[in-house]
Amino acid sequence: MKKFDILITDHIAEEGIEILEKAESVNYEIRAGISNADLKHILGNYDAVITRSGTTVDADLLENTGKLKIIGRAGVGLDNVDIETASKKGLIVMNAPTGNTYAAVELTMGMILAACRKIPAANSSVKAGEWNRKKFMGIQLLDKTLGIVGIGRIGGNVVTRCKAFGMKVLAYDPYVKQSRAENLGVTLCNSLDEVLSQADVITLHTPLTEETNCMIAKPQFDIMKDGAVFVNCARGGLVDEDALYEAVKSGKLFSAATDVFSYEPPKGMKLLELDNIFVTPHIGANTHEGQKGVAVIICEQIVNALEGRSYANAVNIPYMKSLLPEELQRYFELARSMGRLASQFITGRPEEIRFTMVGKRFEEDFGERTFDSPFNYQPFTIAALKGFLEVVLEDSVSFINSPYLAKDRNINIMEAKNDHYDKYNDLLVLTVKTNDGKETTIGGTLFAENIGKILFIDNYTLDLEASGNYIYFRNNDRPGIVGKVATLLGENNINIANFGLARVGSKGSEAISFVLVDDKVSSEVVKKISNLEDIIEAKYIRI
């Protein structure tokens, strides 16, 4: 039997080692704490490497990968792994996102209780020889309202536990269906402000993305209830820490608790000066059970992958796309762009995504089924899913995990192949059904020189390049509107690269426009366009 060699560069739980020990196809070696300089010389001798946080797997380390096939991290984050370089080298990058879910959930509950009852401060007071019970008057959770941002795997479990304390729950998560909220017994709100303004206790459980960066700042603290409690065990960059400091110091908030910071360790940070801000050193995953969980998951996945069996939690897609003919690789990228466009175009919550491949080019099945298991979707469908979800989830969504993330959000995925669609051949069609009863359908194909184009959105016929920065607006079709928008863009030093306009029906009906511009457009400019007469809606869309 062929033996696979695995190198372990950080300490992992013994339960993971036992899995490798029992696998007859595996030899393993533990070199915990090995330097990158030494590791670089030997990395190519191994089929897989397992790390945690001690090893930085960067481009320099991956210069000569030899027979290396897999990089596995026994944990959730992958900040220490250069995923792009690994993917270009054809390496599978894995993590273990579910192994420490309950550790993170239980820390959140501990932080909520600590902040509401000031337990850490009371503990320190008694140990200092004091006995001042009045100083530690707290807040009970019974009949209070929890405001939770993000009800995915961790957030959903926090909801369950808070409801056991007798709390009512308001949730904000634009990427879950109403049915998930109903299953959890929570009220799903349409805006973040709606949650923040009504909650007694607020907790964050969302990834850090361009959209969520600093999502809680002074305006958000200002609309919170006086005396609210704020908890962040998700990501430090979600919160403006200076604004949090001011909200607690001024008495606007009763207290706060955070396990994460915008820079770590948070030396010199003002938050540390206040007695009613309770902090921990990013220990969300630090339980014996959590470390056991991630070690078991990563070791099982690596053995399965090396032995040719199905596995999950790969965060890249090393060769699904590269196995496609060059032209179909362009369709793969087009599908992803269509997903990104749909995600930014729709207004409701996604309930169903249908992806249809039209024409003879798509008759053959493509894709490595091991990667898709248990979802046997074609690579084009997966590309569209990734594009759709990455607008909000960014780095936490991959070509591999996008079907799982869609399932977690109760989004039904449907895939089909057709010989023709209306008057079109060789077409990709993406339809998104939302909770408001609307359906948005986008069609795209390749033109000369393999340029991806968006041909239609619903009943509007278009001719848009499937990449770039766009200003989209919908308006009452009356003379002068396009000129007003162009003038406004010029006044704001925004250069127009192209302009696509479409309408259904005759003059006086509604029209839509996509303005291709050179750079990202600020929310202030979009708001100015929205305020123009006869403009119904306006958005900045990046495809």
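Each residue is numbered by its place in its chain's sequence as written, counting from 1. pLDDT decides what is reported in this predicted model: residues at 70 or higher carry local features, side-chain atom pairs at 80 or more are listed and counted, and totals for whole chains, interfaces and linings draw on all residues regardless. Heavy atoms from the whole structure form the basis of all side-chain values; hydrogens and water molecules are not counted.

A. Representation of unusual backbone geometry. Of note, the bond from E264 into P265 is cis; its omega dihedral lies within 30 degrees of zero at 0°. The secondary structure listing takes helices from DSSP runs of H or I that are at least 4 residues long and strands from runs of E that are at least 2 residues long, numbered from the N terminus. By the element assignment, P265 lies in the loop between β11 (253–258) and β12 (277–279). Unusually for a residue other than glycine, C214 sits at a positive phi of about 55°. Note on placement: C214 falls in the loop between β9 (201–204) and α9 (218–223). Burial classification: accessible surface area is computed with a 1.4 Å probe over protein chains only, and a residue below 20% of its type maximum counts as buried, one above 50% as exposed, and the rest as partly exposed. We classify C214 as partly exposed; its relative accessible area is 33%. Of note, D422 is a non-glycine position whose phi angle comes to about 55°, a positive value. Of note, D422 is situated in the loop between β14 (412–418) and β15 (427–434).

B. Here's a closer look at empty space enclosed by the protein. Lining residues are those with an atom within 4 Å of a point, where the points come from a 1 Å grid over the protein atoms alone and group into cavities, where a 1.4 Å probe fits but cannot get out, or pockets, open sets with protein on both sides within 12 Å along at least five of seven lines. Grid points are joined across faces, edges and corners, and a volume is the space filled by probe spheres set on the points. Considering all chains together, one arrives at two cavities of 30 Å³ or more under this definition. Along its surface, the largest cavity is lined by I353, F355, T381, A384, L385, F388, I413 and L430. Contributing elements (two or more residues each) for the lining of the largest cavity: β13 (350–358) and α14 (379–393). Considering each element in turn, the lining of the largest cavity owes the most residues, four residues, to α14. Asp, Glu, Lys and Arg are counted as charged, while Ala, Val, Leu, Ile, Met, Phe, Trp, Tyr, Cys and Pro are counted as nonpolar; the rest, among them Gly, fall into the polar class. For the lining of the largest cavity, a count of residues per class yields seven nonpolar, one polar and no charged. Considered as a void within the structure, the second largest cavity measures approximately 40 Å³ in volume. As for the second largest cavity, its lining consists of N232, G236, V239, E241, L244, T258, V260 and L271.

C. Region of the structure containing the pattern of salt bridges. In the sections that follow, a salt bridge refers to a side-chain nitrogen of Lys or Arg positioned within 4 Å of a carboxyl oxygen of Asp or Glu. Tallied over the full model, the rule gives 26 salt bridges. Of the charged contacts in the structure, one is a salt bridge between D60 and K40, with a shortest N-O distance of 2.9 Å. Taken as a pair, D60 in the loop between β3 (48–51) and β4 (70–73) and K40 in helix α2 (residues 36–42) lie far apart in primary sequence, 20 residues in all. You can call D60 partly exposed: its relative accessible area is 46%.

D. Here's a closer look at the pairing of β4. Across the two faces of β4 the burial is the same, with I70 and G72 and I71 and R73 all buried. We call two strands paired when DSSP finds no fewer than two bridges between them. Strand direction decides the pairing type here: β3 and β4, joined by four bridges, are parallel. Among the inter-strand pairings, A48 is bridged to a residue of β4, identified as I70. Examined bridge by bridge, β4 and strand β5 (residues 92–94) share three bridges and lie parallel to one another. Note that in β5 the partner of G72 across the bridge is M94.

E. Inspection of the nonpolar core at higher detail. The definition of a nonpolar core used throughout is a set of buried Ala, Val, Leu, Ile, Met, Phe, Trp, Tyr and Cys residues joined through side-chain atoms within 4.5 Å. Core analysis: the biggest nonpolar cluster contains 52 residues, and F380, L428, I454 and F514 have the highest contact counts within it. When residues of this core are assigned to their parent elements, the largest contribution, ten residues, is made by α14. Dropping the residues within four chain positions of it, I454 is found in contact with L334, M338, L341, I442, G443, G444, L462, D463, L464 and A466. Of all hydrophobic cores here, the second largest spans 31 residues; its members include Y172, L244, L253 and F261. Whether two residues touch is decided by their heavy atoms; if any such pair falls within 4.5 Å, the residues are in contact.

F. Representation of the pairing of strand β6 (residues 145–149) in the model. Judged by how many residues are buried, β6 sits mostly within the fold: five of five residues are covered. Here β6 shows no split at all, with T145, G147 and V149 on one side and L146 and I148 on the other all buried. As paired strands, β6 and β9 are joined by four bridges and run parallel to one another. Paired with L146 across the bridge in β9 is V201.

G. Looking closely at the packing of aromatic side chains. For Phe, Tyr and Trp, where Trp contributes only its six-membered ring, two rings pair if their centres lie within 6.5 Å, and the inter-plane angle classes them as stacked under 30 degrees, edge-to-face over 60, or tilted in between. One pass over the full model with this rule turns up ten aromatic pairs. For the ring pair Y421 and F456, a centre distance of 5.9 Å and an interplane angle of 5° mean the geometry is stacked. Separated by 35 residues along the polypeptide, Y421 in the loop between β14 and β15 and F456 in strand β17 (residues 452–457) bring together distant segments of the chain. Taken together, the aromatic side chains of F345, Y470, Y472 and F514 make up a single cluster linked through ring pairs. Taking NZ or CZ as reference, K453 lies 5.1 Å from the ring centre of F447, over its face. Only when the NZ of Lys or the CZ of Arg is both within 6 Å of the ring centre and within 35 degrees of the ring normal is a charge said to sit over the ring.

H. Fine view of helix α16 (residues 481–491). All of the buried residues in α16 are I481, V485, L488 and L489. Along the long axis of α16, the arc covered by the buried residues comes to 100°, so they all point the same way. α16 presents G490 and E491 as exposed residues on the side facing more than 90 degrees away from its buried surface. Of the surrounding elements, those touching the buried residues of α16 are β19 (469–476), β20 (496–503), β21 (510–517), α17 (523–530) and β22 (535–542). This arc describes the spread of directions from the helix axis toward the C-beta atoms.

I. Spotlight on helix α11 (residues 288–306). By definition here, a helix of n residues has an expected span of 1.5 Å times n minus one. The end-to-end C-alpha distance of α11, which contains 19 residues, comes to 27 Å, matching closely the 27 Å that a straight helix rising 1.5 Å per residue would cover. Taken across its 19 residues, α11 has 14 buried, putting it largely inside the fold. Phi turns positive, to about 85°, at G308, one or two residues after α11.

J. Spotlight on the layout of surface pockets. In this structure, the second largest pocket occupies an estimated 330 Å³ of space. Contributing to the lining of the second largest pocket are 18 residues, with F345, K438, D458, R474 and E537 lying nearest its centre. Looking at the lining of the second largest pocket, the elements that each hand over two or more residues are β16 (439–446), β19, β21 and β22. Class assignment of the residues belonging to the lining of the second largest pocket gives a composition of six nonpolar, four polar and eight charged.

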